[in-house]
Amino acid sequence: MITGHLQEKNGRFYMVLNLYVDGKWKPKWISTRLATKGNKRNAEAMLRDTIQRYEDEELEVGEGVGVGNVPFTEFLANWLKLIKPQVEACTFMGYKRLMERQIIPYFEPMELRLRDVEPRHIKNYYDYLQVEGGRSANTVKHHHANIRKALQSAVLSGYIPSNPADRVEKPKIKPYIASTYNKEELQELFYICEGKNLELPVLIAAYYGLRCGEVCGLRWDAIDFQEGTIAIKHVISKGLDENDKEVLVKRNRTKNKSSYRTLPLIPFIKEKLLERKAWNAEMRRKHGNSYDVEHTGYVFTGKLGALLTPANLSRYFRQMLAEYGLRHIRFHDLRHSCASLLLANGISMKEIQDWMGHSSYSTTANIYAHLDSHSKNASADMIASVLKPKAETSFNKTAEIKRKKPKGQKEKEPVRKNKIA
């Protein structure tokens, strides 16, 4: 697979292609002869055409050379570079960790070429993960997704005729059942949180079912106190910078289109938010120049203005549960607790989908179907009502059951016992 990018030099655009030559990946610089000002789109189009031309030429070379003859692990490493600008930073970080820490180290000693990868090689890797690594089927699913996606790009580019990962039988995945708090446990949690910095993040996660990154990404401009609405439109997540160093990523985009949602501002939460806003202003006034003003637009900042991150929020929550002896759940499980309480109180799956911001109804149903006791109870009541025995034929041990006798059968005379005086 050939990758490339544009590079600015001396006021002009250059194309830098990553070519596989003599068993190694080497950069090749090609001038576009286009000035950098006002020509970026033209340069990008030229880059795409040039990459396609090089790929077409490579395919005509033959069996002994070309991308199909690249070592499989080198292909995977180069695929990471290709997809980095195409996916979210947190998604790329997941791909990179799996590839560099587990997938590539496993296949590297085998010295497989891309064209030589077979289903059995991939199946052996999945077996290794489960038997020797003790990994679950759900974890193997993520490894499979990475390997398949990389190999599919090779198929689409014409480097291999078919995707060997498509012919591998994947382990059966057990449905994930989240840990949740019931109403009493949540009320105990709220009591313990009262007056602490964690109080409002916990309340918002439990009341609105927000994800951890959505809680940390909540900004004051997303809250309309007059109209009484709260918009979920900004998230905080982890990602990698240009030097592959882990950084915080702040984006005005949620997990998916449905995750961007506007919800009613619950009066109790509104009061807590106003208290928080006043507290933030007091901390800024109190600490003066020591206060970090970079994150003043965010709801959840510390005494000196530091932004509350998902990693810290999860850690503080875990420590608080342990300190007070509460049953362990993840911070994200407050989201599941919200959904389970909605279901238990007769809210439909479709309404919960909208409240939680799931991309599809099936996502909601797959996660929470086992908790839908309301619909199951309604079904039980209905079938019990339809099949309810009549009063005269009810299964009461003291009632006399009358049965219709077969045709032609005479009724037996009752056995008379001598009365004992």
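See the structure above.
Residues numbered from 1 in each chain as written. Predicted model: local features only at pLDDT ≥ 70, side-chain atom pairs only at ≥ 80, totals over all residues. Heavy atoms only, no water.

We now examine the packing of helix H7 (residues 199–208) against helix H9 (residues 267–287). Where H7 meets H9, the closest approach of the two axes is 11 Å, and the angle between their N-to-C directions is 155°. As the angle between them shows, H7 and H9 are arranged roughly antiparallel. Here H7 and H9 pass one another in a crossing that is left-handed. Packed against H7, whose contacting residues are Glu 199, Leu 200, Leu 203, Ile 204, Tyr 207 and Tyr 208, the element H9 presents Phe 268, Ile 269, Lys 272, Leu 273 and Arg 276 at the interface. Looking at the contact of H7 with H9 residue by residue, the class counts come to 8 nonpolar, no polar and 3 charged. (Axes fitted to C-alpha atoms, helices over the stretch in contact; angles between N-to-C directions. Helix = DSSP H or I, 4+ residues; strand = E, 2+ residues; numbered from the N terminus. Parallel < 35°, antiparallel > 145°, perpendicular 65-115°, else oblique. Left-handed = near helix turned anticlockwise from the far one by under 90°. Contact = heavy atoms within 4.5 Å. Nonpolar A, V, L, I, M, F, W, Y, C, P; charged D, E, K, R; others polar.)

For the coordinates displayed, the defined rule picks out 12 salt bridges. For Lys 96, the salt bridge is made with Glu 100, and the minimal N-O distance between the two is 2.6 Å. Of this pair, Lys 96 and Glu 100 are both found in helix H3 (residues 89–107), 4 residues apart, which corresponds to roughly one turn of the helix. On the basis of relative accessibility, which here comes to 12%, the residue Lys 96 falls in the buried class. With its nearest N and O atoms 2.9 Å apart, the salt bridge here joins Arg 327 to Glu 185. Here Arg 327 is found in the loop between helix H10 (310–324) and helix H11 (333–344), whereas its partner Glu 185 is found in helix H6 (residues 183–193), with 142 residues between them in sequence. When salt bridges with common partners are traced through the structure, they connect Arg 211, Glu 214 and Arg 261 into a single cluster. (Salt bridge = Lys/Arg side-chain N within 4 Å of Asp/Glu carboxyl O. Buried < 20%, exposed > 50% of the residue type's maximum accessible area, 1.4 Å probe, protein only.)

Moving on, we get to the sheet that holds strand E8 (residues 261–264). Ordered in space as E4-E5-E8, the 3 strands form an open sheet in which the pairing is antiparallel. The open sheet has two edge strands, strand E4 (223–224) and E8, and neither has a second partner. (Pairing = 2+ DSSP bridges.)

Before going further, it helps to examine empty space enclosed by the protein. Applying the stated criterion to the full structure yields 2 cavities of 30 Å³ or more. Taken as a whole, the largest cavity holds about 50 Å³ of empty space. Forming the boundary of the largest cavity are Glu 214, Gly 217, Leu 218, Arg 219, Asp 221, Ala 222, Ala 231, Ile 232, Lys 233, His 234 and Asn 252. For the lining of the largest cavity, a count of residues per class yields 4 nonpolar, 3 polar and 4 charged. Empty space within the second largest cavity amounts to approximately 30 Å³. If you trace the second largest cavity, you find it lined by Ala 137, Val 140, Lys 141, His 144, Lys 170, Pro 171 and Ile 173. The residue inventory of the lining of the second largest cavity, partitioned by class, reads 4 nonpolar, 1 polar and 2 charged. (1 Å grid on protein atoms, 1.4 Å probe; cavity = no way out; pocket = protein on both sides within 12 Å on 5 of 7 lines; lining within 4 Å. Points joined across faces, edges and corners; volume = space filled by probe spheres on them.)

Phi at Arg 33 is positive, roughly 65°, even though this residue is not glycine. Counting through the fold element by element, Arg 33 comes out in strand E3 (residues 24–35). The backbone of Glu 111 shows a phi angle near 55°, a positive value even though the residue is not glycine. Along the chain, Glu 111 turns up in the loop between H3 and helix H4 (119–131).

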